[in-house]
Amino acid sequence: MDFTFDSEQHDLREAVRGLLERAYGDAEQRRRVTGTDPGFDEKTWARMAEMGLLGLPFAEEHGGMGAGPIEVAVVAEEIGRVLAPEPFVEAVVLAGGLVAAAGTDEQRTEVLGGIAEGTTLAAVAHAEPGTRWSPSASAVTATRDGDSWSLSGVKEPVLNGARADVLVVSAVVDGGTALFLVRGDAAGLTRTGYRTHDGGRAAHVRFDGTPADLLGTDLADRTSVVERVLAEARIGYAHEAIGSMDTALRTTAEYLKTRKQFGVTLNRFQALTFRAADMYVSLELARSTALWASMVQDAGGDVVAAADRARLQTSRAGRHIGKEAIQLHGGIGVTAEYTIGHHTSRLTAIDHLLGDGEWALSRLAAGVDGHETVDPLGAPYTG
Amino acid sequence: MRLQLSPELEAFREEMRTFFTTQVPQEIRDTVASRRDLSKAQLVESMRTLNAAGLAVPHWPAEWGGRGWTPLQMHIWREEMQLACVPEPLPFNASMIGPVIATFGSQEQKERFLPATANIDIWWCQGFSEPDAGSDLASLRTTAVRDGDDWVVNGQKTWTTLGQHADWIFCLVRTDPTAEKKQRGISMLVFPMDSPGVTLRPIELIDGGHEVNEVFFEDVRVPAENLVGEENRGWDYAKFLLGNERVGIARIGATKRLLAQAKSYAREVTVDGRPLAAEPRMAARIAELENELMALELTALRVVAHSTDGKPHPASSVLKLRGSELQQAATELVVDIAGPLSVSSFADGGSAVPDWARVATPEYLNYRKVSIYGGSNEVQRTIIAGTILGL
């Protein structure tokens, strides 16, 4: 049981922080980048690739760094700290994670290698209008014709779907959900991109007999693979949210110390400082849970259950801190030129993309009678 | 970063679990499990059982019975004890005056008091709060005036927990009323509760129990050698004591056990033909409390690993704040599960109301104290805002 980063993890954090501080230390720079397509900075993305960040969790034989969940957590937190718009969790953890879990060796080498080098932007087309947070597909169907496959139906919202070089698509096949790769220039693929409220990009993606490659060789139901990789992405988002909440709290505390009203700085008002103290409590409880979930993943424990627990805790904390940060700032907190509201916007997006707190709670509630007590250092979390 | 306990710590955990579940009398553990008040004899027997095995004061210096454990071992010791329904060593002895004497007392005081304190041959009580000095403890007014070889104590203390059982009291007294800062004029004295001039008056609480007392001092003569540490340094010792108190005060293991009990109670109560435990809203409420408690436990594990020089990590205020809130939330949950049965607090043998439902409301009412004692939760928020956030 050890909650501390080793020296390499510490160095990784310093390096990532340095890179992202240079890119987004000036908040205006983020506004400029998110104001134009593709919503992130291709140069920063390339530098992240040079640093090895985009292949961090992939095996070395597939062009990755062979690092583990703790290193992924370190990077995600730094992304959140400056609200870097580069889609690290989405492209590396989620899209890359699905290819790593379900792809053939050849597919892994090609797609993961491309992601790691920064030459392939992969996006996951899984969410469907009218459903939410299911590990299986229902609105896109796959049809087989000899050795080839084609897809039909609609996916939305697909994060970075318009810019993506390759889409990882979940689709209905006989007996379940399969995963496919679709090239960005495939025939019968219509992508309509738009801005999301947090400065990112999403797309309406229509497949109309679009040629697709089956991910993997056997036509197995991939629902449990999707469930597991979604869980890993939830944990990645938990760390991104922690980074954002940490900055939101520190920014708020700084504001309380400098902003004057009634002739005194705001930190003279106990009604405000007590609320900041409660934000700190929320943050630290969520941070402990997120770090624990990454350790569960690292130990090969029940990552789905751990992700639900982290999701619930960071959802509650993100809403609490996001809302209070704006309120304690006052009117400036809802302006676009000031950073604090952007944190709230991003925390709100993270809270809804892969399952919100109430959703996670329902899942935990369904299993509440299955154990007498929760032992975070015991089964099923220790693997 | 690593999740698993080392094999040594796993073995340690197993050793603790085995001891607590086999060596402490079942009848005492049953009393804790059924959430009834323990008698003085039970508390003494339990602590002596632990002390005989070297498990009563593991955090003390080694020469006085300490074990030199890591903070993580301390956490496991406390957690397993609470899960096994073993009463914790009397806090006034084990985590309050004992560490103060061991750290600041004279050699003579250490020899005289520490072995007797660890074995509860002396039952201590705390003389800190006064009617006009609660959270603002430093404004206390009980005085001690030097007269020859004695201090003469006059004044009043309150909220003296289990003072009715106590042999000795450790007391904060004002010894320099002229000190520029009120914190500077305070000293710590220890003296027997049967000293002439000491009067104890019980305070009845809303749960119907007698747990706390008022203590009055009228010209109580205390020998000069009973001053702990240096004159007018008592505030430092008090802060040291309260810091130690905060770490164990979260009572995570105890709340975990109560949540497990609440689940079984919820299976006993039927709503529209099905168990209350199956009600989605009830299941969600329990699941959320379990998750919050787990987050707190993990935070405790993170914080203990970073405490240095025996000084509590500033984030230990989070443990006190959230730990007390969750203890209260769990007792509230049990009252809600009991529903209308929760009014039958004083039912006797002729009642069909189960024991757990009878004790539910008194415990809930009694537990309002936990967000007040040990530095109220508002004091903890002040510490977090000031020390951690720099506000």
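Calculation criteria
Residues numbered from 1 in each chain as written. Chains lettered and ligands numbered in written order. Predicted model: local features only at pLDDT ≥ 70, side-chain atom pairs only at ≥ 80, totals over all residues. Helix = DSSP H or I, 4+ residues; strand = E, 2+ residues; numbered from the N terminus. Buried ≥ 20, exposed ≤ 12 C-beta atoms within 10 Å, placed from the backbone. Contact = placed C-beta atoms within 7 Å. Axes fitted to C-alpha atoms, helices over the stretch in contact; angles between N-to-C directions. Parallel < 35°, antiparallel > 145°, perpendicular 65-115°, else oblique. Nonpolar A, V, L, I, M, F, W, Y, C, P; charged D, E, K, R; others polar. UniProt positions renumbered as here; feature names shortened; annotations may be inferred. Domains from an automatic or database assignment.

Draft legend 1. Seen up close, the overall build of chain B. Helix and strand counts for chain B stand at 12 helices and 10 strands. In terms of its C-alpha atoms, chain B occupies a principal-axis envelope of roughly 75 × 50 × 45 Å. Across the 391 residues in chain B, those meeting the buried criterion constitute 47%. Here the contacts in chain B between residues at least 6 apart in sequence split such that 70% fall between residues at least 24 apart.

Draft legend 2. Quick peek at the packing of helix H8 (residues 270-299) of chain A against helix H12 (residues 377-388) of chain B. Viewed as axis vectors pointing N to C, H8(A) and H12(B) meet at an angle of 85 degrees, and their least axial separation amounts to 8 Å. It follows from the interaxial angle that H8(A) and H12(B) lie roughly perpendicular. Between H8(A), through A:Thr273, A:Phe274, A:Ala276, A:Ala277 and A:Tyr280, and H12(B), the contact on the second element is made entirely by B:Arg381, B:Ile384, B:Ala385 and B:Ile388. Across the contact of H8(A) with H12(B), the residue classes tally to 7 nonpolar, 1 polar and 1 charged.

Draft legend 3. Looking closely at the UniProt feature "domain: Acyl-CoA dehydrogenase/oxidase C-terminal" (unreviewed entry) in chain A. As annotated in UniProt, the feature "domain: Acyl-CoA dehydrogenase/oxidase C-terminal" (unreviewed entry) corresponds to residues 225-366 of chain A in the numbering used here. This span, residues 225-366 of chain A, is 81% helix and 3% strand, and a straight line between its end C-alpha atoms measures 21 Å.

Draft legend 4. Structural context of the environment of B:Gln380. All names here are of chain B. Here Gln380 shows up in helix H12. Taking the number of C-beta atoms within 10 Å as the measure of exposure, Gln380 has 23 and is therefore buried. As a C-alpha pair, Gln380 and Pro314 span 66 residues in sequence and 9.7 Å in three-dimensional space. Aside from chain neighbours lying at most four places away, what touches Gln380 is Ser317, Lys320, Leu321 and Gly375.

Draft legend 5. View of the domain arrangement of chain B. Residues and elements named next belong to chain B. Considered domain by domain, chain B is made up of domain 1 (7-89), domain 2 (124-231) and domain 3 (249-388). A straight line from the C-alpha centre of domain 1 to that of domain 3 covers 21 Å. Facing the 12 residues of domain 1 at the interface are 14 residues of domain 3. Split into classes, the residues belonging to the side of domain 1 that touches domain 3 amount to 5 nonpolar, 3 polar and 4 charged.

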